[in-house]
Amino acid sequence: MTAKLIKGTEIREQILEEIAEEVKQIKEKHNKVPGLVTILVGENPASVSYVTLKIKTADRLGYKEIQDNQPEDISEADLLALIDKYNKDNEIHGILVQLPLPKHINEKKILNAIDPDKDVDGFHPVNVGRLMIGGSEVKYAPCTPAGIQEMIVRAGVETSGAEVVVVGRSNIVGKPIAMMMCQKGEGANSTVTIVHTRTQDLAAHCKRADILIVAAGVPGLVKPEWIKPGACVIDVGVNRVGEKVSEKTGKTVAILRGDVDFDAAKEIAGAITPVPGGVGPMTITMLMKNTLNSLKYQLGLK
């Protein structure tokens, strides 16, 4: 039997509709809307593309959206001063500095300068600590892991007591999603194993998984024989493996592959995310949800 597709594009639309309705209600009752500022230094094409999508999504939801573009040669001191300005602005609930930054700027210093209560990316050490403690301490989970958990819940996959194997130990995906899945609460209560490049017999660990989350950045790493029949497979990998000419537009576009051999895996798994159209669309969606939650904290609604 072919696996159920967990489509991030469809789940994204559900969540964005929910957010838009909440924004409408809060505006009517409190005359406030979420405020999000994105600081872009320089003109990295990938960063510009990603930021543009953030802007469109925020505008669609009725957010106050500020796109603050800065020159490539901005000094570290000036960038820190800019962040301090937005930290003090009560109309701004989320601050996002688009990475990568130029080499003359210390990324760690910049990210740590953001007020943790406005760190809607969830990367500040304070928010990492909150995530570790779990429960009501958590304000903002990192966006991609939050999107993964949301997909699992909305797909109706049972997580309580489930064996979860996370392939990858990055600070952005692997570590936080592992912590989230083993916490108490909805979409969690799982038994979690993290595997990585130094793990012995990677295949055996994957084969145990009721829920297999793959975030290794290696195209086709997970073979079909590594997958437990009926397992839920979440493929976080988005790997550019070539180019092709689009039949619709006639333009050259990237050929993307996940970390899982999708065509073979879908005949074994119970549920699986496609690439593209799986986890990817969820990241900006959860960024918007975190920004809304920041406003709700300010208003005492959470």
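Here the structure is a predicted model, which is why all the values come from computation and not from measurement.

Definitions and cut-offs
- Residues numbered from 1 in each chain as written.
- Predicted model: local features only at pLDDT ≥ 70, side-chain atom pairs only at ≥ 80, totals over all residues.
- Heavy atoms only, no water.
- Buried < 20%, exposed > 50% of the residue type's maximum accessible area, 1.4 Å probe, protein only.
- Helix = DSSP H or I, 4+ residues; strand = E, 2+ residues; numbered from the N terminus.
- Pairing = 2+ DSSP bridges.
- Phe/Tyr/Trp six-rings, centres within 6.5 Å; stacked < 30°, edge-to-face > 60°.
- Lys NZ or Arg CZ within 6 Å of the ring centre and 35° of its normal.
- Salt bridge = Lys/Arg side-chain N within 4 Å of Asp/Glu carboxyl O.
- Contact = heavy atoms within 4.5 Å.
- Axes fitted to C-alpha atoms, helices over the stretch in contact; angles between N-to-C directions.
- Parallel < 35°, antiparallel > 145°, perpendicular 65-115°, else oblique.
- Nonpolar A, V, L, I, M, F, W, Y, C, P; charged D, E, K, R; others polar.
- Core = buried A, V, L, I, M, F, W, Y, C linked by side-chain atoms within 4.5 Å.

1. Here's the deal with the pairing of strand β2 (residues 35-41)
Here comes step 1: Most of β2 is tucked away, with 7 of its 7 residues classed as buried.
Here comes step 2: Side chains of β2 alternate between two faces, with G35, V37, I39 and V41 and L36, T38 and L40 buried alike.
Here comes step 3: As judged from the 7 bridges shared by β2 and strand β3 (residues 64-70), these two strands associate in the parallel manner. For V37, the partnering residue across the bridge sits in β3 and is I66.
Here comes step 4: Pairing between β2 and strand β4 (residues 94-97): 4 bridges, direction parallel. Paired with V37 across the strands is I95, a residue of β4.

2. Focus: the sheet that holds strand β11 (residues 271-272)
Here comes step 1: Taken in spatial order, the 6 strands make up an open sheet running β1-β11-β8-β7-β5-β6, and their pairing is parallel. The sheet is open, and its two edges are formed by β1 (4-5) and β6 (191-195), each paired on a single side.
Here comes step 2: By the bridge criterion, 5 bridges tie strand β5 (residues 163-167) to β6 in an arrangement that is parallel. From the neighbouring strand, V164 faces β6, where its bridge partner is V192.

3. Here we look at the packing of aromatic side chains
Here comes step 1: According to the stated counting rule, one finds 1 aromatic pair in the structure shown.
Here comes step 2: When the ring of Y140 is compared with that of Y297, the centres are 6.1 Å apart and the planes differ by 85°; the resulting orientation is edge-to-face. Pair noted here: Y140 is in the loop between α5 (125-133) and α6 (143-154) and Y297 is in helix α10 (residues 282-298), with a separation of 157 residues, a long-range link.
Here comes step 3: Residue Y297 is classed as partly exposed on the basis of its relative accessible area, which comes to 24%.
Here comes step 4: A cation sits over an aromatic face here: K139 above Y297, 4.7 Å from the ring centre.
Here comes step 5: Positioned above the aromatic ring of W226, the side-chain terminus of K223 is 5.7 Å from the ring centre.

4. Here we look at the pattern of salt bridges
Here comes step 1: Tallying each qualifying case throughout the model produces 16 salt bridges.
Here comes step 2: With its nearest N and O atoms 3.8 Å apart, the salt bridge here joins E10 to K7.
Here comes step 3: With a relative accessible area of 33%, K7 lands in the partly exposed category.
Here comes step 4: One salt bridge in this structure joins K32 and E91, with 3.1 Å as the shortest N-O distance. Remark: E91 occurs in the loop between α3 (76-87) and β4 and K32 occurs in the loop between α1 (8-30) and β2; sequence separation between them is 59 residues.
Here comes step 5: Counted as one network, the salt bridges with shared partners bring together E18, E150, R154 and K289.

5. Concerning the side chain of T285
Here comes step 1: In this structure, T285 sits in helix α10.
Here comes step 2: Discounting residues that sit within four places of it in the chain, T285 has contacts with R12, I15, L16 and I19.

6. Points about the packing of α1 against α6
Here comes step 1: With their axes 11 Å apart at the nearest point, α1 and α6 run at an angle of 95° to one another. Classified by the angle their axes make, α1 and α6 are roughly perpendicular. For the pair α1 and α6, contact is made by G8, I11, Q14, I15 and E18 and by E150, M151 and R154, respectively.
Here comes step 2: By residue class, the composition of the contact of α1 with α6 is 3 nonpolar, 2 polar and 3 charged.

7. Description of the nonpolar core
Here comes step 1: Counting 45 residues, the largest nonpolar core has I19, I148, I213, I234 and M288 as the members making the most contacts within it.
Here comes step 2: Contributing elements (two or more residues each) for this core: α1, α2 (45-61), α6, β5, α7 (174-182), β7 (211-214), β8 (232-235) and α10.
Here comes step 3: Once you skip the residues sitting within four places of it in the chain, I234 turns out to touch I6, I148, I152, L212, I213, V214, T273 and V279.
Here comes step 4: In this structure, V165, L202, L212 and I227 belong to the second largest nonpolar core, which totals 19 residues.

8. With respect to α7
Here comes step 1: Regarding α7, the residues found buried are G174, P176, I177, A178, M180 and M181.
Here comes step 2: The inward-facing, buried residues of α7 abut α5, α6, β5, β6 and β7.

None of the figures reported here should be taken as evidence of function without further support.
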